[in-house]
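Each chain, written out:
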Amino acid sequence: MAENNTTGTFLDGYRTEAGIQRLHGTKRFKKTDEKSRIIRRNKEAARIANYRKLQDTVFTGYEKNLYNNETFKFTTKLLNWNPELYTVWNYRRDILINSKFPGMNIDQKHNFLEQELRFVLVQLKSFPKCYWIWNHRKWCLKEDLRADYDLEMNLINMFFQVDERNFHAWGYRMFIADCIKDSKQTEEDRMNLYQKEFVFTTRMIKRNISNYSAWHRRSVLVDLLINTNAKLPKIIDDPKQELYRNAFNQKDKAEFLRLEYEVFLNAIYTDPDNSSVWIYGKWLFSDSFYDDMDFNFGNSFLDQAYGAVNELAELEREDMTGKENQWCIKFNLYLLKFKFVRYRKCGDINKYPEFLKSKFAELKKKLIKIDNMRKQRYLDFSLESA
Amino acid sequence: MNEHNDDELLLVEKHTNYIKDLFRKPVYLEHWMADHLKMNALYWGICALFLMHQEDAFKKEDVVSFIIKCYDNKYGGFGSAPRHEAHILSTLSALQVLKLYDSLDALSKEQKDKTISFIKSLQLSDGSFEGDRFGEVDTRFVYTAIQSLAILEELDKSIVDPAVDFILKCQNFDGCFGMVPGAESHAAQAFTCLGTLAICNSLNKIKNPEALEWWLSDRQTASGGLNGRPEKLPDVCYSWWVLSCLSILKKLDYIDAESLVKFILRAQNSETGGIADRPGNECDVYHTFFGMAGLSLMKKGDLLLIDPIYGLPTNVTKTIKKYPY
Amino acid sequence: MTSAVKSRRASMAERRPSMAERRPSGLNSRRPSVIPYLAGLEKPVLPTLPSKCDVLICGTGLVESILAAALAWQGSNVLHVDANPYYGDTCATLTIEQIRAWCASVNDGSPGFHGFSKAMLHIPSPHKLNSRDYGIDLTPRLLFAKSDLLSLLVASRVYRYLEFQSISNFHTFENDTFDKMMSTKEEIFVDQSINLPTKRLLMRFIKFVLEYELPEGKKIVESHMNENFVDFVHNIFHLSPKQVNEFCYTLGLSPMPKISVPQGLSRVRRYLISFSVYGDFPTLYSKYGGPGEISQGFCRSAAVAGATYKLNTSLKYYDPKTKIAYLNDGSKVNITEKVVCSPSQAPGGSKNVPKMQYEVTRLISIVEKSCKEWFAEGENAAVVVFPPKTLSTMNAYPVQAIIMGSGTGSCPDGQCIWYLSTIERGERARKDLQAAVKKMEESILRESEDGGFDVELSDNDVAIQANGNVSVINSVKLGKSFKEFVPREKLKYLFKLIFTQTTSVAPFGVVSNNVFEKAEETEHIDAGPDEKVIYSSMPSTEISYDGVVTEAKVLYSKIVGSDDDFFDVDFEDEDEDNANTRNIDDESAIADDTEEFQSEMAFEL
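The name given to chain B in an unreviewed UniProt entry is Geranylgeranyl transferase type-2 subunit beta, with Dekkera bruxellensis as the source organism. The UniProt entry for chain B carries this comment under Function (unreviewed entry): "Catalyzes the transfer of a geranylgeranyl moiety from geranylgeranyl diphosphate to both cysteines of proteins with the C-terminal sequence -XXCC, -XCXC and -CCXX." Its UniProt record gives chain B a comment under Sequence similarities (unreviewed entry), which states: "Belongs to the protein prenyltransferase subunit beta family."

Per an unreviewed UniProt entry, chain A carries the name Geranylgeranyl transferase type-2 subunit alpha and comes from Dekkera bruxellensis. Under the UniProt heading Function (unreviewed entry), the note attached to chain A is "Catalyzes the transfer of a geranyl-geranyl moiety from geranyl-geranyl pyrophosphate to cysteines occuring in specific C-terminal amino acid sequences."

A. Structural view of the overall build of chain B. Within chain B, the secondary structure is distributed over 14 helices and four strands. Taking contacts inside chain B between residues at least 6 apart in sequence as the whole, the part at least 24 apart equals 67%. When the accessible surface of chain B is summed, it comes to about 10,200 Å², and 49% of that surface belongs to carbon and sulfur atoms.

B. Structural context of the pairing of strand β15 (residues 358-367) of chain C. Residue and element names in this part refer to chain C. Counting buried residues in β15 gives nine out of 10 residues, a clear majority hidden from the surface. Two elements, β15 and strand β18 (residues 416-422), share seven bridges in a ladder whose sense is antiparallel. By the bridge assignment for β18, S365 is matched with W418.

C. Representation of the packing of aromatic side chains. Scanning the entire structure with this criterion turns up 75 aromatic pairs over all chains. Relative to F173(B), the ring of Y280(A) lies with its centre 6.5 Å away and its plane at 85°, an arrangement referred to as edge-to-face. Of the two residues, Y280(A) is situated in helix α12 (residues 275-284) and F173(B) in the loop between α8 (157-169) and α9 (187-199); the pairing between them involves two chains. Here the aromatic residues F198(A), W215(A), Y244(A), F248(A), F256(A), Y280(A), W283(A), F289(A) and F173(B) are joined through ring pairs into a cluster of three or more.

D. Looking closely at a nonpolar patch on the surface. A contiguous nonpolar patch, built from V154(C), Y159(C), V277(C) and Y278(C) and spanning about 350 Å² of accessible area, is present on the exposed surface. Among the structural elements, V154(C) can be located in helix α5 (residues 148-155).

E. Seen up close, the packing of helix α2 (residues 69-81) of chain A against helix α3 (residues 86-100) of chain A. Residue and element names in this part refer to chain A. The contact between α2 and α3 brings their axes to 10 Å, and the two run at 155°. Viewed along their axes, α2 and α3 adopt a mutual orientation that is roughly antiparallel. Along this stretch, α2 crosses α3, giving a crossing that reads as left-handed. Residues N69, T71, F72, T75, T76, L78 and L79 of α2 touch α3, and the partners they reach there are V88, W89, Y91, R92, I95, L96 and K100.

F. Spotlight on the pairing of strand β17 (residues 399-405) of chain C. Residue and element names in this part refer to chain C. The buried count for β17 comes to seven of seven residues, which makes it a mostly enclosed element. Pairing of strand β16 (residues 381-386) with β17 involves six bridges; the strand directions are antiparallel. Paired with V383 across the bridge in β17 is I402. Direction of pairing for β17 relative to β18: antiparallel, over a ladder of six bridges. Paired with I402 across the two strands is Y419, which belongs to β18.

G. Representation of α5(C) within the structure. Residues and elements named next belong to chain C. Along α5, the residues classified as buried are L149, L150, L152 and L153. One face of α5 carries all of its buried residues, which in axial projection span an arc of 160°. Following α5 by one or two positions, R157 has its phi on the positive side, about 65°.

Conventions adopted
Residues numbered from 1 in each chain as written. Chains lettered and ligands numbered in written order. Predicted model: local features only at pLDDT ≥ 70, side-chain atom pairs only at ≥ 80, totals over all residues. Heavy atoms only, no water. UniProt positions renumbered as here; feature names shortened; annotations may be inferred. Helix = DSSP H or I, 4+ residues; strand = E, 2+ residues; numbered from the N terminus. Contact = heavy atoms within 4.5 Å. Areas by Shrake-Rupley, 256 points an atom, 1.4 Å probe, with all protein chains shown as cover. Buried < 20%, exposed > 50% of the residue type's maximum accessible area, 1.4 Å probe, protein only. Pairing = 2+ DSSP bridges. Phe/Tyr/Trp six-rings, centres within 6.5 Å; stacked < 30°, edge-to-face > 60°. Patch = residues over 30% accessible without salt bridge, like charges linked within 9 Å, V, L, I, M, F, W, Y side chains within 5 Å. Salt bridge = Lys/Arg side-chain N within 4 Å of Asp/Glu carboxyl O. Axes fitted to C-alpha atoms, helices over the stretch in contact; angles between N-to-C directions. Parallel < 35°, antiparallel > 145°, perpendicular 65-115°, else oblique. Left-handed = near helix turned anticlockwise from the far one by under 90°. Arc of directions from axis to C-beta.

Now the structure itself:
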């Protein structure tokens, strides 16, 4: 880096003890004494000189628009040191666009980009949460007309092995699914892709029911699958999945709810303190499914859920600690209100049972007591509040 | 506040020195390798100093001349450090710091115009924004672009309306928002989306606000700290992402301030200064700022009041012209 | 194969006698060894011994080997000898021929084999066992994924010499059936055979086990401190006796019936926290042999750090006044610190060997059957436990069995090794083990019988058993009663070994220093060839590796004064490779990897 780029003492460098990959969850370091700091400085002196020289070379090339094999190699080297240098990623793409791609046919370009993807993969393994690397991978795939999306899906599964909630990996999965979707000709094919993704979320949830990322993705897919006119083909030998497939094909929201309600019940009985499942459960009892449902049928379903959660609440209370499970109460409080909203919308508001109103007040009171942190929220929450 | 109890006190002097120390001459390799974060770090650090009434810790001319050095002649806008390409993230940070020092006029007319057209050029047909010419789409970039234009007082209907539409598409069944339509809810995205809507005077367009409020208040964990997604560990930076949202929605009382204040203060390093993501962890300027911003929203520790929409002190944001003009 | 690799093998043969002995007969049948040659690092075996050392250690069992490595890395000059021509001593991994010789030595009371007795070996003739195809563990053990030994293997880098495989199937034998335990949240969530309230009860107990050290749980434990664990779980958590048994004996691997509440809880906890550390399994074992392989790994590490090794060498006499140790080959060694000796290799006429009042009886069978029906998919081993009073002998103690298939590298294809053990004493122990083997035989014949039960069955299928009875069975393969079952074929036993080992270490629930300090209470001051010699213990009766590191640390403290710097080694040099792509400074290496993955993504504006 050219020295004259900086003057004075201010901001010669940003002395971070925390590069972007270290912003979170790093245990406090041992305090070092002067002696070990000097040792470290001496040890690093040569590396710093190399790094700065390389960075200067690359930035000079960037500024002079030098697009050739040599500058390409320099970007590889520098990005291997520091993948956070977004300017260098941009420069690398400039070089590809201006000097590598021209003259390549589709196959040559594909072969070349395969190499580039390998380079990116090595980087991702070390920095699975670096935006710029994921971004470059996406760019490569968009450039490649022969991109192998199945391979990418397998790769994502590999990342989930390490961290099944990696935000980037989930985002990337959506991106790849969209790419595949865009390559499909018919609505049937596109919806079948979503069916496969739905099966994938089932698998992820079975592996860990606390995985909110998977529950979320499931909600998005269900929305698509239950509202399409396309007919889904059978994809796996699984009786449960076949029932889902039928429900989707019939646009049978009630049947879907029946199936998903079983999953929900099993999940809350397995781990009633798990917020992921409760949030998802709330969605099952919301306008998304009840808008066009028969008033009485919908109510009987609500009552069934209310009863089951109540039973769980009883079981939890009998626990030796005698503590209430606040999620059970929150959920039932929500159900009582949802029922009220339904009465207002499609029934007779005056027929909403009085004893449910008093139950609502009772649950509210209980919550204020056991979840005092959020007291005000409960005070604001009423059957009429929007 | 109790005396002689580090856990209860905001260590203003320590944090000031910690931040000042960050911007000295680099020593180790990792300091040299942090160019990509410099402009963001500058905003975090300087805004924290302003909140602590330590606005004189750095010489204004030094800071401003550094920012001007990060201006990208080729594309307009600002890079994260001198010689780096303009990116919307560093552009907002640069404009925020200039605004803090009331020095927007340090930009020449040409620089200002080119910066405006740089930002506008990033908007896509669906209303979203890219981060740079190769950047991906993300509600973060919508927010940064919209606030940048707000600071420059360059918002108009043709930009605002599609941006608002895009943001609304990012709301999920649970009430909160994701990076793009269909992506999982995340507290930081709640901030970028609510912030955008607030700047665009469109908060009334949010669907199901009660669900959003509940989702946000459920982020408080038993330890008092806030997390960013269900079933994740609490982290000081969500004191900002979550609290700013609750503040925008006027529901700050939906969490327990007292235990959150304690959580943030316990994450301070009483030896070196600085705040970490969790008590006992290593500090950085990012969490130092966001911890302080959280305290400011809760009116703790004699800090300047921060504006939940802009992430700047309210005495600064009151000079920003509010949309619609 | 390159010639370099070949010559590597030749040198291995000189250095690792037990491994050299174990050469596979078939081509490509198995890899000869998993321990890589330490190019340029390993010291050649010396023809003569040094005349001076800081610490002399006799016996290359696991504890002694860990101790040797810890001392060597701490800077002590260690001389490590073994009376046998192979490494491993009391926990060696042996071939068939070595087992024959071992039995003979045990039964005629040869020096170097104290602590073992009543070995009975039966190999039906004509036999077709190729000696070197087998690696039989004298002391088989399971490695929990979250355990002090595994941490030590990683920290010491000894894991690099080894290869590990997973074991996830833990079966319980009860009411004449083998059941696989539902033990994780995920299994309980997906299982459709248990009703919702039962799911709740199971999960509640599991949660309690994971959190009983928090204030709330602590209170509960304290008020039931002296109760029997089994009663406690039954009364407080309302689990069925069958479930309690599974938790206590199968997952907890409790070796005895009346285990206290804290001990039982810590055992079940060990299993639960080990799950998902490296994958969906709680335990591992080292391929090609258990403690035998691991102790050799530590010997290698010790050698790298400068320890000297010699086999076929034993202590004859130690003179604490002159601090000279006399060895069987006539050499004399000046000792500056201490002499440590395994009780098995105590010099003839010793007066101070710790009293060994506890017994473990082992039955090792090799059967001509792959037994893959018991293994989880892709795995090669399993655990089977017979809780108390589940056998025809009304066994007072549980019988624990580790099943090792050919994929473990310890026997040829189509065969399987069964390791059974119990802490019952004398004849009763042998009867219990025989009864358990019988049940396993019935089970495996039934599971593997062609036609009858290998077909895919749905929940409500009715199947005709071999004897013509009709029964409704469920789809869980191992959950079928075989009370009425008459097998069509007989199981062929290729090898049967039964023996008794004694130890001074009481069966324990929670490992503590106390266990090993107590085991070695006697002051070694009686005049004799072993005056002032520090004894290690014979292997404990524990089926896991728990206690091994603790004991090594207890011994280490006795020599060094404290265990503060036990394996406090910085392998800094090797990190240079990563420096270019990863973060450079070493200080940052203190950060915990797993923590990093748990953390939220970095969000920047």
